[in-house]
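Topology and contacts: notes
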Amino acid sequence: MATDFPEYNVDPVTLGRFIMEDDRERREKCGSTRVSLCFILQAIGVAGKVIGNAVAKAGMQGLYALGGAANSSGEDQKKLDVLANDVFINVLKNTKKVPLMISEENEEAVIVEGLDHARYAVVFDPLDGSSNIECNVSVGSIFGIYHEDEKSVIEMDKVMQPGRQMIAAGYILYSSAVVLCMSTGSGVHMFTLDQDFGEFVMTRRNWTIPAAPKFIYSCNSGNADRWDLPPRAFLTYTRKCGKSYSARYVGSMVSDVHRTLLYGGMFMYPADKKNTKGKLRLLYECFPMAFLVEAAGGVATDGRTPILDLKPSDIHERSPIYLGCKRDMDIIAELFAKHDRGELTEGDCHLAWKGDAEEGAASK
């Protein structure tokens, strides 16, 4: 006899259950299965639990301190960066399914010997946004997964492919709740960690960016004077279009993209005079986030080319990125097109703040 408990979920869809159901649907549609991918995604879920616990206790455990080394980008590593990287590498190694890993924290690829049967590679940023963690800013992990269909060990050239070759991607957000967001190519799904019984439970299925997105832009506008004309012109547009755009910028890519998926708007990290090729890493930051945004009905480009169509030439290659709802991405695309036609000028990029008109009137 069934009993109604409206305040309690008596049939939770856990991460493990969803992964197996997703694989069964794939087998029914495509006639093939990826059981190994199930093991990998489950392992990433375990990594999220361990890292989420470490983030919550970082202050008490002295994990804010520097770890004494630098990562692949020359940035000082914190103990928490090192811990998160070790956790990711170890859980993936122990699946016996991943012979090749690429991490922001490692200069070279991580090769696992003796896995001649394995055909998966995982790329990841184990702890995005850690430079701000002392002030309890939300941080996260980002991952993408490649697969080699042929019966051979996956090699580096199979990873150095456009992002469209990924078969799955996602992130884990460590904040007031620990949220795992992922896609295996059809739909974006979000799971929240239930701390009481230690399972990721589905909270959003087949999520799409809202059809009526909020007017939000997310960027470090403090760098605007070093940007090219199109992103500067977009900021000008947000202040002159009469739509009351709001600026929301955390400084952790996972947090900013998570909000963009939920509410709409746009996140951008343009190239500038200091970082002429962009700052965010293409393989393990831009590709996974673009994969998710496109799966949620959005758009992700470098201003001109879809991010997922770019082909990296180095495992730590950087790229500018613009991603979000179609409404705002259409505006960015048009601004870049005008710039390429020579129709965009400095006059189009004056940052007209609301106070400008008031100050001008007061001076008369």
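Scroll up a little and you will see the structure.
A short tour of the structure in this document, coming up. (Residues numbered from 1 in each chain as written. Predicted model: local features only at pLDDT ≥ 70, side-chain atom pairs only at ≥ 80, totals over all residues. Heavy atoms only, no water.)

1. Focus on the side chain of Thr-260
- Counting through the fold element by element, Thr-260 comes out in helix H7 (residues 253-263).
- With relative accessibility at 3%, the residue Thr-260 sits in the buried group.
- A polar atom in the side chain of Thr-260 sits 2.8 Å from the backbone oxygen of Asp-256.
- Residues in contact with Thr-260, not counting those within four places in the same chain, are Ile-209, Gly-265, Met-266, Phe-267, Leu-323 and Gly-324. (Helix = DSSP H or I, 4+ residues; strand = E, 2+ residues; numbered from the N terminus. Buried < 20%, exposed > 50% of the residue type's maximum accessible area, 1.4 Å probe, protein only. Polar contact = N/O pair within 3.5 Å; in protein donor to acceptor, adjacent residues only side chain to side chain. Contact = heavy atoms within 4.5 Å.)

2. With respect to the sheet that holds strand E5 (residues 120-128)
- With mixed pairing, the 8 strands of this open sheet are ordered in space as E4-E3-E5-E6-E7-E8-E9-E10. Only two strands of the sheet have a single neighbouring strand rather than two, namely strand E4 (110-111) and strand E10 (199-207).
- Two elements, strand E3 (residues 100-103) and E4, share 2 bridges in a ladder whose sense is antiparallel. Within E4, the position partnered with Leu-100 by the bridge is Ile-111.
- Running over the sheet, helix H1 (residues 15-30) touches strand E8 (178-183), strand E9 (188-194) and E10 and is turned about 45 degrees from E10.
- Here H7 sits on the sheet in contact with E5, strand E6 (139-147), strand E7 (168-174), E8, E9 and E10, set at roughly 105 degrees to E7. (Pairing = 2+ DSSP bridges. Axes fitted to C-alpha atoms, helices over the stretch in contact; angles between N-to-C directions.)

3. A few points about the pairing of E5
- Taking burial as the measure, the 9 residues of E5 include 9 buried ones, the bulk of the element.
- In this sheet, E5 lies alongside E3 in parallel orientation, the contact comprising 4 bridges. Paired with Leu-100 across the bridge in E5 is Ala-121.
- Here E5 pairs with E6 via 7 bridges, running antiparallel. Considered in E6, the bridge of Tyr-120 is made with His-147.

4. Quick look at the sheet that holds strand E11 (residues 216-218)
- In spatial order, the strands read E12-E11-E13-E17-E15; together these 5 strands make up an open sheet with mixed pairing. Every interior strand has two partners, whereas the edge strands, strand E12 (246-247) and strand E15 (299-301), have only one.
- Docked against the sheet, helix H8 (residues 282-295) engages E15 and strand E17 (321-324), running at close to 25 degrees with respect to E17.
- Docked against the sheet, helix H9 (residues 326-340) engages E11, strand E13 (266-269), E15 and E17, running at close to 150 degrees with respect to E17.

5. A few points about helix H6 (residues 229-240)
- Counted at 1.5 Å a residue, the expected span for H6 with its 12 residues is 16 Å, and the 16 Å between its end C-alpha atoms agrees.
- Counted residue by residue, H6 has 9 buried out of 12 residues, so it is predominantly covered.
- Among all positions in H6, only Leu-229, Pro-230, Pro-231, Arg-232, Ala-233, Phe-234, Leu-235, Thr-236 and Thr-238 are buried.
- If you follow the buried residues of H6, they end up packed against E11, E13, E17 and H9. (Expected span 1.5 Å × (residues − 1).)

6. Side note on the packing of aromatic side chains
- This structure, assessed with the given rule, holds 7 aromatic pairs.
- Each ring, one from Phe-234 and one from Tyr-237, has its centre 6.2 Å from the other, and the planes form 35 degrees; the classification is tilted. Remark: Tyr-237 and Phe-234 occur in helix H6; sequence separation between them is 3 residues, near one turn of the helix.
- Ring-pair connections join several aromatic residues into one group, and the members of that group are Phe-215, Phe-234, Tyr-237 and Tyr-245.
- When the ring centre of Trp-207 is taken as origin, the NZ or CZ atom of Arg-204, which lies over that ring, is 5.1 Å away. (Phe/Tyr/Trp six-rings, centres within 6.5 Å; stacked < 30°, edge-to-face > 60°. Lys NZ or Arg CZ within 6 Å of the ring centre and 35° of its normal.)

7. Regarding the pattern of salt bridges
- All told, the structure shown has 14 salt bridges when counted by the stated rule.
- In this structure, the salt-bridge partner of Arg-164 is Glu-294, at a minimum N-O distance of 2.9 Å. On the criterion of sequence distance, the pair formed by Arg-164 in the loop between helix H5 (156-159) and E7 and Glu-294 in helix H8 is long-range, its members being 130 residues apart.
- With a relative accessible area of 41%, Arg-164 lands in the partly exposed category.
- Asp-256 serves as the salt-bridge partner of Arg-259, at 3.0 Å between the closest nitrogen and oxygen. Of this pair, Arg-259 and Asp-256 both sit in helix H7, 3 residues apart, which is roughly one turn of that helix. Judged on exposure class, the residue Arg-259 and its partner Asp-256 are both buried. (Salt bridge = Lys/Arg side-chain N within 4 Å of Asp/Glu carboxyl O.)

8. Observations concerning the packing of H6 against H9
- H9 packs onto H6 with a crossing angle of 130 degrees between their chain directions and a minimal axis gap of 9 Å. Accordingly, the angle class assigned to the pair H6 and H9 is oblique. Remark: the crossing between H6 and H9 carries right-handed chirality. Mapping the contact onto sequence places Leu-229, Pro-230, Pro-231, Ala-233, Phe-234 and Tyr-237 in H6 and Asp-328, Ile-331, Ile-332, Leu-335, Phe-336 and His-339 in H9.
- In terms of residue class, the contact of H6 with H9 is built from 10 nonpolar, 1 polar and 1 charged. (Parallel < 35°, antiparallel > 145°, perpendicular 65-115°, else oblique. Left-handed = near helix turned anticlockwise from the far one by under 90°. Nonpolar A, V, L, I, M, F, W, Y, C, P; charged D, E, K, R; others polar.)

9. Topic: the environment of Arg-24
- If you trace the backbone, Arg-24 turns up in helix H1.
- Arg-24 gets classed as partly exposed once you look at its relative accessible area, which sits at 39%.
- In sequence terms Arg-24 and Val-35 are 11 residues apart; their C-alpha atoms lie 9.5 Å from each other.

10. With respect to the nonpolar core
- The biggest cluster of nonpolar side chains holds 47 residues, and the ones touching the most others in it are Leu-92 and Ile-145.
- With 10 residues, the top contributor of residues to this core is helix H2 (residues 35-56).
- Apart from the residues within four sequence positions on either side, Leu-92 is in contact with Ile-40, Ile-44, Val-98, Met-101, Val-122 and Phe-124.
- Tyr-146, Met-253, Val-257 and Tyr-284 belong to the second largest nonpolar core, which has 45 residues in total. (Core = buried A, V, L, I, M, F, W, Y, C linked by side-chain atoms within 4.5 Å.)

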